[in-house]
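Report on the structure
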Amino acid sequence: MDFDPSANRVVGTARIPGAPAPKKAPVPVKIIVAGGFGVGKTTTVGAISEISPLTTEAEMTSESVGIDNPGQATMKTGTTVAMDFGVLTIDQTLKLYIFGTPGQTRFAFMWDDLVKGALGALVVVDTNRIDDCYPAVDYFERAGLPFVVGINTFNGQMSYSVEEVRWALAVREDVPVISFDARFRASVRDALLVVLDQALDKAIRMKS
């Protein structure tokens with residue numbers, strides 16, 4: 001070690017007396033945003049991420065006609081072909097790493113890798129095409145991963161009520177079904193906090 005003769009302290013790897021303790025890095029938590037094609041997953045990640053979100057959008061071409069159906073109420077011209085990625089710091093102790101899955105069935109083989117290590121998921125639903133989210137709901141039920149069903153209120157409107165969506169999906173009573181607007185940061189934040197609550201509840205149950 002090197003000693004500084006001008007001060008009664010040690011310079012180098014030793015800690016200076018009276019200096020503040022180094023801050024602990026926030027705990028990383030991986031969250032998945034999933035759902036059918038064109039339901040608002042990329043918008044959800046982009047609305048909440050504190051960094052410029054990583055997206056893998058590709059232009060939709062005539063080759064996708066009859067295969068990829070974005071719905072009647074969208075001007076969608078691109079599609080996620082791998083994943084979306086964003087980051088959200090909750091506080092000094094917790095940081096979310098948010099991964100959005102591709103919505104098309106032909107990219108389903110990527111889900112196992114994307115979901116590995118995740119603590120919870122938000123399944124985004126378009127009430128005009130509820131059946132498109134069945135594969136995501138089934139996947140997380142089989143995987144035993146806590147998830148929340150989030151109804152994306154396109155333009156503030158829903159074709160069906162929260163209870164009607166719960167009935168249509170036949171999810172368990174302990175699975176929250178909520179509404180949110182993927183365009184607005186505060187709304188997405190509230191939805192992700194519900195996902196965190198679900199993940200925490202499972203952790204507490206497993207510990208006890």
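The rules we used
Each residue is numbered by its place in its chain's sequence as written, counting from 1. Restriction of local features to residues with pLDDT of at least 70 applies here, the model being predicted, together with a cutoff of 80 or more for giving and counting side-chain atom pairs; totals for whole chains, interfaces and linings are based on all residues. In computing side-chain properties, one takes all heavy atoms of the structure into account and sets aside hydrogens as well as water. Any Lys or Arg side-chain nitrogen found within 4 Å of a carboxyl oxygen on Asp or Glu counts as a salt bridge. To sort residues, take the accessible area from a 1.4 Å probe on protein chains only and compare it with the maximum for the residue type: under 20% means buried, over 50% means exposed, and anything in between is partly exposed. Inter-axis angles, ranging from 0 to 180 degrees, are taken between N-to-C directions of lines fitted to C-alpha atoms, where helices are fitted over the stretch in contact. The way it works is that DSSP assigns letters per residue, a run of H or I at least four long becomes a helix, a run of E at least two long becomes a strand, and they are numbered from the N terminus. The cut-offs work like this: below 35 degrees is roughly parallel, past 145 is roughly antiparallel, 65 to 115 is roughly perpendicular, and the gaps in between are oblique. The contact criterion used is simple: two residues touch if any of their non-hydrogen atoms lie within 4.5 Å. Pairing of aromatic side chains requires ring centres within 6.5 Å, counting the rings of Phe and Tyr and the six-membered ring of Trp. Pairs whose planes differ by under 30 degrees are stacked, by over 60 edge-to-face, and all others tilted. For a Lys NZ or an Arg CZ to count as sitting over a ring, it must be within 6 Å of the ring centre and within 35 degrees of the ring normal. A pair of strands is considered paired only if DSSP assigns at least 2 bridges between the two. Residues grouped as a nonpolar core are buried Ala, Val, Leu, Ile, Met, Phe, Trp, Tyr and Cys residues, joined through side-chain atoms within 4.5 Å. Two N or O atoms count as a polar contact when they lie within 3.5 Å, although within protein this holds only if one can serve as hydrogen donor and the other as acceptor, and sequence-adjacent residues are included solely when both atoms are side-chain atoms. The quantity known as pLDDT measures the predictor's confidence residue by residue, on a range of 0 to 100. When we speak of the arc, we mean the arc of directions from the helix axis to the C-beta atoms.

**Section: the pattern of salt bridges**
Here the structure, examined in full by the defined rule, presents five salt bridges. When the shortest N-O distance is used, the salt bridge between Asp174 and Arg172 registers 2.9 Å. For Asp174, a relative accessible area of 41% gives the class partly exposed. A relative accessible area of 44% places Arg172 in the partly exposed class. Residues joined by salt bridges that share partners form a network here, namely Asp126, Arg129 and Asp132.

**A word on the packing of helix α1 (residues 41–48) against helix α5 (residues 185–207)**
Packing of α1 against α5 brings their axes to within 8 Å, and their N-to-C directions diverge by 100°. One way to sum up the angle between α1 and α5 is to call them roughly perpendicular. Here Thr44, Ala47 and Ile48 of α1 come into contact with α5, specifically with Arg185, Val188, Arg189 and Leu192.

**Details of the packing of aromatic side chains**
Tallying each qualifying case throughout the model produces six aromatic pairs. The interplanar angle of 90° and the centroid separation of 5.5 Å between the aromatic rings of Tyr139 and Phe140 together place this pair among those described as edge-to-face. The class of Phe140 is buried, set by a relative accessible area of 1%. Directly above the ring of Phe99 sits Lys30, whose terminal nitrogen or CZ lies 4.7 Å from the centroid.

**Some points on the sheet that holds strand β6 (residues 84–91)**
With respect to topology, six strands assemble into an open sheet ordered β6-β7-β3-β8-β9-β10, the strand pairing being mixed. Both edges of this open sheet fall to β6 and β10 (177–180), since each of them pairs with a single strand only. Neighbouring strand axes in the sheet, compared pairwise and without regard to direction, differ in orientation by 30° on average. Here seven bridges tie β6 to strand β7 (residues 94–100), and the two strands are oriented antiparallel to one another. Bridging across to β7, Thr89 finds its partner in Lys95.

**Description of the nonpolar core**
In terms of nonpolar packing, the biggest core is built from 27 residues, with Ile32, Val123, Phe140, Phe147, Val149, Leu169 and Val171 touching the most fellow members. Counting only elements with at least two residues in this core, the list comes to β3 (27–35), β6, α2 (111–115), β8 (120–125), α3 (134–143), β9 (147–152) and α4 (162–169). At four residues, the largest contribution of residues to this core is made by α3. Beyond its immediate chain neighbours, meaning those up to four positions away, Leu169 contacts Ile130, Cys133, Tyr134, Val137 and Val149. The next biggest cluster of nonpolar side chains, apart from the first, holds 22 residues, and it includes Ile48, Leu94, Leu96 and Leu192.

**Remarks on the side chain of Asp181**
Position of Asp181 relative to the elements: it lies in the loop between β10 and α5. Note on Asp181: relative accessible area 9%, which makes it buried. Within polar-contact distance, the side chain of Asp181 engages the side chain of Arg183 at 2.6 Å. What Asp181 contacts, discounting residues up to four positions off in sequence, is Asn152, Thr153, Gly156, Ser187 and Val188.

**Brief notes about the confidence of the model for the chain**
For the chain, the average pLDDT comes to 82, and 74% of its residues sit at 70 or higher. Here residues 60–68 is modelled with pLDDT under 50, and outside its nearest four sequence neighbours on either side it reaches eleven contacts, counting other chains as well.

**Focus on α4**
Those residues of α4 not exposed but buried are Val165, Arg166 and Leu169. Seen from one end, α4 has its buried residues packed into an arc of 100°, which puts them on one side. Every exposed residue of α4 that faces more than 90 degrees away from the buried side is listed here: Glu163 and Trp167. Each element contacted by the buried residues of α4 is listed here: α3, β9 and β10. In the segment just after α4, Ala170 is the residue with positive phi, at about 55°.

**Describing the environment of Tyr134**
Of note, Tyr134 is situated in helix α3. Placed 36 residues apart in sequence, Tyr134 and Ala170 show a C-alpha to C-alpha distance of 9.9 Å. Excluding its chain neighbours within four sequence positions, the residues that come into contact with Tyr134 are Ala168 and Leu169.

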